[in-house]
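Structural characterization, general
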Amino acid sequence: MARYLLRRTAFLLGSLLLAASLLFVLLRLLPGDPSNALLPMGATPEQIAAARRQTGSDLTLPEQYAAWLGGLVRLDLGTSYVSRLPVGGEIAARLAVTVPLTLLAFVLAVVVAVPVGFLTARRAERWYGPLLSGFAQLGIAVPVFWIGMLLVTVFALRLRLLPAGGFPREDWAEPGRALAALVLPVVAIALVMSASLIRYVRSATLEVLGSDHMRTARALGESFAGAMWRHGLRNAAAPVISILGIELATTFLGAVVVESVFALPGLGALLVEGIAEHDYPVIQGVLAVSTLAVLVIGFAADIAQRLVDPRLRTRLGRP
Amino acid sequence: MKGFVAGCVLVGVVLALAAVSLVWLPYDPADTSGARLVPPGGAHLLGTDKLGRDLLTHLMIGARIALTAGAGSVLLGGVLGVAAGLAAGFATRWLDDALAAALDALIAFPTLLLAMLVVAVREASLGSAVLAIGLAMSAVVARLTRILVKRVLAQDYITAARTSGSSWPRVIVEHVLPNIWPTLLVNLALQFGLAVLAEASLSYLGLGPPPPNASWGRLLHEAQATVLTAPVGAIAPGILLVVLVVGVNLVADGLRDLAPGRSR
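Just so it is clear, the model here is predicted, and its values are computed rather than measured. (Residues numbered from 1 in each chain as written. Chains lettered and ligands numbered in written order. Predicted model: local features only at pLDDT ≥ 70, side-chain atom pairs only at ≥ 80, totals over all residues. Heavy atoms only, no water.)

Turning our eyes to something else, we now look at the overall build of chain A. For chain A, the count of helices and strands is 11 helices and 0 strands. Order of helices (α) and strands (β) in chain A, N terminus to C terminus: α-α-α-α-α-α-α-α-α-α-α. Taken along its principal axes, the extent of the C-alpha atoms in chain A is 85 × 60 × 35 Å. Residues classed as buried in chain A amount to 46% of the 319 residues present. A sequence separation of at least 24 residues applies to 71% of the contacts in chain A between residues at least 6 apart. Accessible area for chain A stands at about 15500 Å²; split by element, carbon and sulfur atoms hold 68% of it. Charged side chains in chain A number 27 positive and 20 negative. The centres of these two groups are separated by 13 Å. (Helix = DSSP H or I, 4+ residues; strand = E, 2+ residues; numbered from the N terminus. Buried < 20%, exposed > 50% of the residue type's maximum accessible area, 1.4 Å probe, protein only. Contact = heavy atoms within 4.5 Å. Areas by Shrake-Rupley, 256 points an atom, 1.4 Å probe, with all protein chains shown as cover. Lys, Arg positive; Asp, Glu negative; His and termini not counted. Charge placed at Lys NZ, Arg CZ, Asp CG, Glu CD.)

This brings us to the overall build of chain B. Assigned secondary structure in chain B consists of 9 helices and 0 strands. For chain B, the sequential pattern of α-helices and β-strands runs α-α-α-α-α-α-α-α-α. Projected onto its principal axes, the C-alpha positions of chain B cover 75 × 45 × 30 Å. Counting every position in chain B, which comprises 264 residues, the buried fraction comes to 54%. Residue pairs at least 24 apart in sequence account for 70% of intrachain contacts in chain B once pairs closer than 6 positions are excluded. When the accessible surface of chain B is summed, it comes to about 10800 Å², and 69% of that surface belongs to carbon and sulfur atoms. Averaged over its 17 positive side-chain charges, chain B has a centre that lies 7 Å from the centre of its 14 negative ones.

Residue and element names in this part refer to chain A. You will see that leucine 75, though not glycine, has its phi angle at about 60 degrees, which is positive. Residue placement: leucine 75 occurs in the loop between helix 3 (61-73) and helix 4 (87-122). A residue is classified by how much of its surface remains accessible, and leucine 75, at 73% relative accessible area, is exposed. Phi at arginine 160 takes a positive value of approximately 55 degrees, unusual for a residue other than glycine.

A separate point is the side chain of B:Ser166. Residue and element names in this part refer to chain B. Summarising the element assignment, serine 166 is placed in the loop between helix 6 (156-163) and helix 7 (168-204). Judged by its relative accessible area of 13%, serine 166 falls in the buried class. Not counting the four nearest positions on each side in its chain, serine 166 is found in contact with Ala161 and Val171.

Moving on, we come to the pattern of salt bridges. In the structure shown here, the tally under the stated rule is 9 salt bridges over all chains. A:Asp302 is paired through a salt bridge with A:Arg8; the nearest N and O atoms lie 2.9 Å apart. Of this pair, A:Asp302 sits in helix 11 (residues 280-308) while A:Arg8 is found in helix 1 (residues 2-28), placing the two residues 294 residues apart along the sequence. For A:Asp302, a relative accessible area of 24% translates into the label partly exposed. Among the salt bridges present, the one from B:Arg146 reaches B:Asp96, with a minimum N-O distance of 2.8 Å. One end of the pair, B:Arg146, is in helix 5 (residues 126-153); the other, B:Asp96, is in helix 3 (residues 93-108), and 50 residues separate them in sequence. (Salt bridge = Lys/Arg side-chain N within 4 Å of Asp/Glu carboxyl O.)

With that out of the way, let us pick up the packing of aromatic side chains. Counted according to the given criterion, the structure contains 3 aromatic pairs over all chains. Between the aromatic rings of A:Phe145 and B:Tyr204, the centroid separation amounts to 4.4 Å while the plane-to-plane angle is 20 degrees, which identifies the pairing as stacked. Placement of the pair is A:Phe145 in helix 6 (residues 144-158) and B:Tyr204 in helix 7, with the two residues belonging to separate chains. B:Tyr204 carries the same exposure label as A:Phe145, and that label is buried. Aromatic side chains B:Phe90 and B:Trp168 sit 5.4 Å apart centroid to centroid with 80 degrees between the ring planes, which places their arrangement in the edge-to-face category. Of this pair, B:Phe90 sits in helix 2 (residues 55-90) while B:Trp168 sits in helix 7; the two residues are 78 residues apart in sequence, bridging distant segments of the chain. The exposure class assigned to B:Trp168 is partly exposed, which follows from its relative accessible area of 24%. Positioned above the aromatic ring of A:Tyr4, the side-chain terminus of A:Arg306 is 3.8 Å from the ring centre. (Phe/Tyr/Trp six-rings, centres within 6.5 Å; stacked < 30°, edge-to-face > 60°. Lys NZ or Arg CZ within 6 Å of the ring centre and 35° of its normal.)

Taken together, the contact between chain B and chain A spans 55 residues of the former and 52 residues of the latter. Across the chain B/chain A interface, buried area totals approximately 4900 Å², and carbon plus sulfur atoms make up 70% of it. Counting every contact that joins chain B to chain A gives 1 salt bridge. Counting across the chain B and chain A interface gives 1 residue pair in polar contact (both at pLDDT 80 or more). Broken down by element, the residue count for the side of chain B that touches chain A peaks at 12 residues, all from helix 9 (residues 231-258) of chain B. When the residues that make up the side of chain B that touches chain A are grouped by side-chain class, the tally is 36 nonpolar, 8 polar and 11 charged. (Buried area = accessible area lost by both parts, 1.4 Å probe. Polar contact = N/O pair within 3.5 Å; in protein donor to acceptor, adjacent residues only side chain to side chain. Nonpolar A, V, L, I, M, F, W, Y, C, P; charged D, E, K, R; others polar.)

In this structure, A:Phe145, A:Ile189, A:Leu271, B:Met116, B:Trp216 and B:Leu244 are the most contacted members of the largest nonpolar core, which totals 128 residues. A total of 14 residues in this core trace back to one element, the largest contributor, which is helix 7 of chain B. If near-sequence neighbours (up to four positions away) are discounted, B:Leu244 is found in contact with B:Val11, B:Val14, B:Ala66, B:Leu67, B:Phe192, B:Val196 and B:Trp216. With 8 residues, the next largest nonpolar core counts A:Val208, A:Ala217, A:Met228 and A:Val240 among its residues. (Core = buried A, V, L, I, M, F, W, Y, C linked by side-chain atoms within 4.5 Å.)

So, about the confidence of the model for chain B. Per-residue pLDDT for chain B averages 84, and the proportion of residues at 70 or more is 96%. This complex was scored by the predictor with a pTM of 0.80 and an ipTM of 0.80. (pLDDT = per-residue confidence, 0-100.)

This part takes up the packing of helix 2 of chain B against helix 5 of chain B. Residues and elements named next belong to chain B. Relative orientation of the contacting elements helix 2 and helix 5 amounts to 35 degrees, with a least axis distance of 5 Å. The two elements helix 2 and helix 5 meet at a crossing, and its hand is right-handed. For the contact of helix 2 with helix 5, a count of residues per class yields 20 nonpolar, 11 polar and 2 charged. (Axes fitted to C-alpha atoms, helices over the stretch in contact; angles between N-to-C directions. Left-handed = near helix turned anticlockwise from the far one by under 90°.)

This next bit is on the environment of A:Val282. Residue and element names in this part refer to chain A. Within the secondary structure, valine 282 sits in helix 11. The class for valine 282 is buried, based on a relative accessible area of 3%. C-alpha separation for the pair valine 282 and serine 80, spaced 202 residues apart in sequence, amounts to 5.9 Å. Contact partners of valine 282, with chain neighbours within four places excluded, come to Ser80, Val87, Leu270 and Gly274.

Now the structure itself:
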């Protein structure tokens, strides 16, 4: 396990370097010089030279690459062309919206999906079986922004129970108002996420319920609950944990779009603004931070998977 | 089996809309001569939008765009992904680690972010969306294929087949592929649905194909402002999205249940 941890950490660092390089290459393919975003129409050659110095596009590509990696290591993400503020601070401010939004939606989705997924597999023949599968089928097919639109229409525009969008200017100084602003977006994301999670929990449960070792355990006289606890859960947990890691990343993706439906000033909104204004440091920064988050989540999911499924620790899987 | 048939019917509805749109449309998609926000009925079966364009016309064009986005992405992502996943599953430890790291790095870019980048690099078009969604999907498919291949290779019957003299290509064809394809097929169908949804999200954010050939996502975005006065425009494209994605998923489930050796 210790050797695996070392290997997996090296792997994480390699992935980070690769992701940072990929980001750099992709963004250098963008048409036009980044300094154009800073210049007025009909700028003088002096102004152009100054802008190119400021954005670093007068440097050679390897120099720019070194500067980009060096900045990442020092956690310095540069300065926004538009707001002239450090990108790191801007992102931190936006995370105050996106992180609670993502985590609340994720927790709500898991709390709903695990028992429901188990029930859809185990109690498919009860009256609520088709109802639950129907919910899972529908939820996985509904675009999260449309759910958001419908929720706003019903609960904000018609019933006027909750705000239709926006976030209090003073952030979390008034937690009640901030939470109220997050209720509809969280529900929108969680509805969609839990539906896709239910499918995975259901298929993992079905696989375990139909497995030989469960039948053997039952034949040897274990109760269903005992067999499930001792043999079933751990077998079902490994694939589910792996999916959870991916789903957490998907939640962030949902957050990007949902922030746009509800006019929330989160990370996704920052990215959309950055793309619209060709604000390269902002685009780079947001993508770097979200990529880092997703990679670390994947790292954690892999370690957790090893802990619950000893079969993955053997090297039998290789020809 | 009932689900499979229902799925075929749902997908068939969207296919029919798309097919008819190739030869006939109720109105020219760019025609803004109609009255604005007309309710359904009369000359405009589903009414018009805030620019006086016929909603049914746009829904039909949207069906074509959604199917193209889904099929294109799955083709690109499936071919690239299964090939890479098989290679990683069989590779030596060093190469497997390198491939897995590359996949993790790719997966770490959520599809939508990758798509937004590609759109910024190229242009807001259906091609950009398919390229980005397909690439992102290929990493997910490759990771799944790799895990599935490894799980199969860890089984005793593989050792048995190898010990009794089967070559690796023969083991792939006889044992690995038959064991992983039901899961893969179900996943690819899910990915088709996700690709359709991802394209709709891009379009909703204004990064999809430009009007007049707009996708369902853009129709929804444009209808959001008038949702209380003209609800049909804000509901119909969403329903069609759900119909298509549910249909594809039901077909996938049906296929999984029909697969040999897999009973519920």
